[in-house]
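Each chain is listed here by its residues.
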Amino acid sequence: MTTTRRAPPLLIAWRGATAVAPAHTIPAYEAAIAMGADALGLEVHVSADDQLVVIGNPRLERITDGRGAVREHTARELKRLDAGGWFGRRFRGQRLQTLSEVLERFRERVGFAVVLPGGSTLFPGIEERLLTLLQIYAVGERTLIASVDHHALRKCHDLDPETPTVALVAGRVLAPAALAPPGVLRGVGMPAGLATAADVAAARDAGLDCYVGVVDEPAIARELAAWGVAGIATEHPDRLRPVLMSVPSPLGGDPS
């Protein structure tokens with residue numbers, strides 16, 4: 001996945017198409033791809049046996065019939081849980097996926113944006129495990145690694161400079177170039193509700209792509225695309241795909 005900004009922006013299905021299927025399940029990913037998503041936005045946590053498991057919360061109660069922290073259970077134990085029944089009866093029996101399973105199933109069909117909850121300070125060796133999986137499935141160049149832990153991003157860059165890294169921030173950034181030493185980051189990710197045209201321009205001036213999310217309203221997506229953002233995360237890829245395809249590149253050129 002190149003982070004050279006293009007038009008239309010990269011359409012990232014955040015946790016899959018979660019408006020029609022439970023987050024981080026195979027039906028949600030399949031629906032997102034069918035809706036035209038360019039990449040799947042994946043959050044990972046670490047199991048007791050150090051497997052990367054795709055789930056959006058460090059605890060199990062919210063979206064499974066299990067209890068406790070992901071970190072307290074082995075991947076085999078986690079695979080026994082129902083991760084879809086909370087969304088609707090037809091999704092009962094959907095299972096949590098390891099990152100390896102997701103990469104293997106979808107690597108030929110879509111890119112990925114993997115969000116790390118933290119680096120080795122919290123999860124020893126997480127960066128090495130992630131980069132090893134990306135190398136095994138040959139998806140490093142089509143994957144963004146994003147995190148609020150900028151030290152983890154630095155380590156990922158040191159392990160594989162070719163895999164793009166994106167620093168997640170909770171608000172506006174006064175000096176994008178100061179987020180990391182030159183060459184470490186490919187982009188910055190910020191909340192769409194706080195981003196301004198000036199922020200996007202500042203990121204571009206610092207040599208960084210700008211990613212925003214979560215956006216579900218077509219009008220907002222159109223405005224962000226016109227500013228030149230590199231990617232937009234959404235729970236509704238079907239709403240945004242037609243809009244983004246119609247937005248001309250702020251740098252000129254063919255948006256197709």
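Described in the following lines is the structure provided in the data block. (Residues numbered from 1 in each chain as written. Predicted model: local features only at pLDDT ≥ 70, side-chain atom pairs only at ≥ 80, totals over all residues. Heavy atoms only, no water.)

1. Section: the overall build of the chain
The criterion, for reference: Per the convention used, a helix needs a DSSP run of H or I reaching at least four residues, while a strand needs a run of E reaching at least two, with both numbered from the N terminus. With a 1.4 Å probe rolled over the protein chains alone, any residue whose accessible area is under 20% of its type maximum counts as buried; one over 50% counts as exposed, and the rest are partly exposed. Between two residues, a contact is recorded if the distance between any of their heavy atoms is within 4.5 Å.
Across its full length, the chain holds eight helices and 10 strands. Across its three principal directions, the C-alpha atoms of the chain cover 50 × 40 × 30 Å. Put simply, the chain has 256 residues, and 53% of those count as buried. Contacts in the chain between residues at least 24 apart in sequence constitute 54% of all its contacts with a sequence separation of at least 6.

2. Re the packing of helix 4 (residues 126-136) against helix 5 (residues 150-159)
The criterion, for reference: With axes taken as lines fitted to C-alpha atoms, and helix axes fitted only over the stretch in contact, angles between N-to-C directions fall between 0 and 180 degrees. Small angles under 35 degrees read as roughly parallel and large ones over 145 as roughly antiparallel, with 65 to 115 read as roughly perpendicular and the rest as oblique. By definition, turning the near helix anticlockwise from the far helix through less than a right angle yields a left-handed crossing, and turning it clockwise yields a right-handed one. Residues were grouped as follows: Ala, Val, Leu, Ile, Met, Phe, Trp, Tyr, Cys and Pro as nonpolar; Asp, Glu, Lys and Arg as charged; and all remaining residues, including Gly, as polar.
Remark: helix 4 packs on helix 5, axes separated minimally by 9 Å, with the N-to-C direction vectors making an angle of 45°. As summarised for this structure, helix 4 and helix 5 are arranged oblique, according to the angle between their axes. Pair helix 4 / helix 5 crosses with right-handed handedness. On helix 5, the residues touching Glu127, Glu128 and Leu131 of helix 4 are Ala152, Lys155, Cys156 and Leu159. The class makeup of the residues in the contact of helix 4 with helix 5 is four nonpolar, no polar and three charged.

3. Points about the layout of surface pockets
What counts here: Space inside and on the surface of the protein is sampled on a 1 Å grid over the protein atoms alone, with a cavity defined as a set of points where a 1.4 Å probe fits but cannot get out and a pocket as an open set with protein on both sides within 12 Å along at least 5 of 7 lines; lining residues have an atom within 4 Å of a point. Grid points are joined across faces, edges and corners, and a volume is the space filled by probe spheres set on the points.
Taken as a whole, the largest pocket holds about 510 Å³ of empty space. Lining the largest pocket are 29 residues, with Trp14, Val115, Ala146, Leu168 and Ala233 positioned closest to its centre. Every element with two or more residues in the lining of the largest pocket is listed here: strand 1 (10-14), strand 2 (39-46), strand 5 (111-116), strand 6 (143-147), strand 7 (165-168), strand 8 (187-191), strand 9 (209-213) and strand 10 (231-234). When grouped by side-chain class, the residues that make up the lining of the largest pocket number 22 nonpolar, six polar and one charged. Estimates place the volume of the second largest pocket at around 190 Å³. The wall of the second largest pocket is formed by Arg15, Thr18, Ala23, His24, Gly56, Asn57, Arg62, Ile63, Trp86, Phe87 and Glu235.

4. Details of the packing of aromatic side chains
Under the convention used in this document: Between rings of Phe, Tyr and Trp, where Trp is taken as its six-membered ring, a pair exists when centres lie within 6.5 Å; planes separated by under 30 degrees are stacked, by over 60 edge-to-face, and by other angles tilted.
For the coordinates displayed, the defined rule picks out three aromatic pairs. Measuring from centroid to centroid gives 5.4 Å for tryptophan 86 and phenylalanine 87, while their planes differ by 90°, and the two rings are edge-to-face. Given a relative accessible area of 43%, tryptophan 86 falls into the partly exposed group. Under the relative-accessibility criterion, phenylalanine 87 is labelled partly exposed at 30%. On the numbers, 5.5 Å between centres and 80° between planes, the contact of phenylalanine 87 with phenylalanine 91 is edge-to-face. Aromatic ring contacts, followed pair by pair, group Trp86, Phe87 and Phe91 into a single cluster.

5. Description of the pairing of strand 6
To keep things clear, this is the line we draw: Any two strands are treated as partners once DSSP identifies two or more bridges connecting them. A crossover counts as right-handed when, viewed with the strands pointing away from the observer, the path leading from the first strand over the helix to the second turns clockwise.
Among the five residues of strand 6, five are classified as buried, and the element is accordingly described as predominantly covered. Residue alternation in strand 6 divides its side chains into two sets, Thr143, Ile145 and Ser147 and Leu144 and Ala146, and both sets are buried. Inspection of the sheet shows strand 5 paired to strand 6 by five bridges, in the parallel sense. From the neighbouring strand, valine 114 faces strand 6, where its bridge partner is isoleucine 145. In the classification by handedness, the crossover that spans strand 5, the intervening helix 4 and the parallel strand 6 is right-handed. Where strand 6 lies against strand 7, three bridges are found, and the strand directions are parallel. For serine 147, the partnering residue across the bridge sits in strand 7 and is alanine 167.

6. Focus: the pattern of salt bridges
Worth spelling out the cut-off: Every case where a carboxyl oxygen of Asp or Glu lies within 4 Å of a side-chain nitrogen of Lys or Arg is listed as a salt bridge.
Going through the model one piece at a time under the given rule, you end up with 11 salt bridges. The residue glutamate 101 makes a salt bridge to lysine 79 at a minimum N-O spacing of 2.9 Å. Here glutamate 101, found in helix 3 (residues 99-106), pairs with lysine 79, found in the loop between helix 2 (75-78) and strand 4 (97-98); they are 22 residues apart in sequence, far enough to count as distant. Aspartate 158 serves as the salt-bridge partner of arginine 154, at 3.4 Å between the closest nitrogen and oxygen. Separated by four residues within a single helix, arginine 154 and aspartate 158 lie in helix 5, roughly one turn from each other. Overall, arginine 154 belongs to the partly exposed group, its relative accessible area being 37%. Its relative accessible area of 51% is what places aspartate 158 among the exposed residues. Within the structure, one salt-bridge network assembled from shared partners comprises Glu30, Arg105 and Arg109.

Read these as layout, nothing more, since geometry by itself doesn't imply function.
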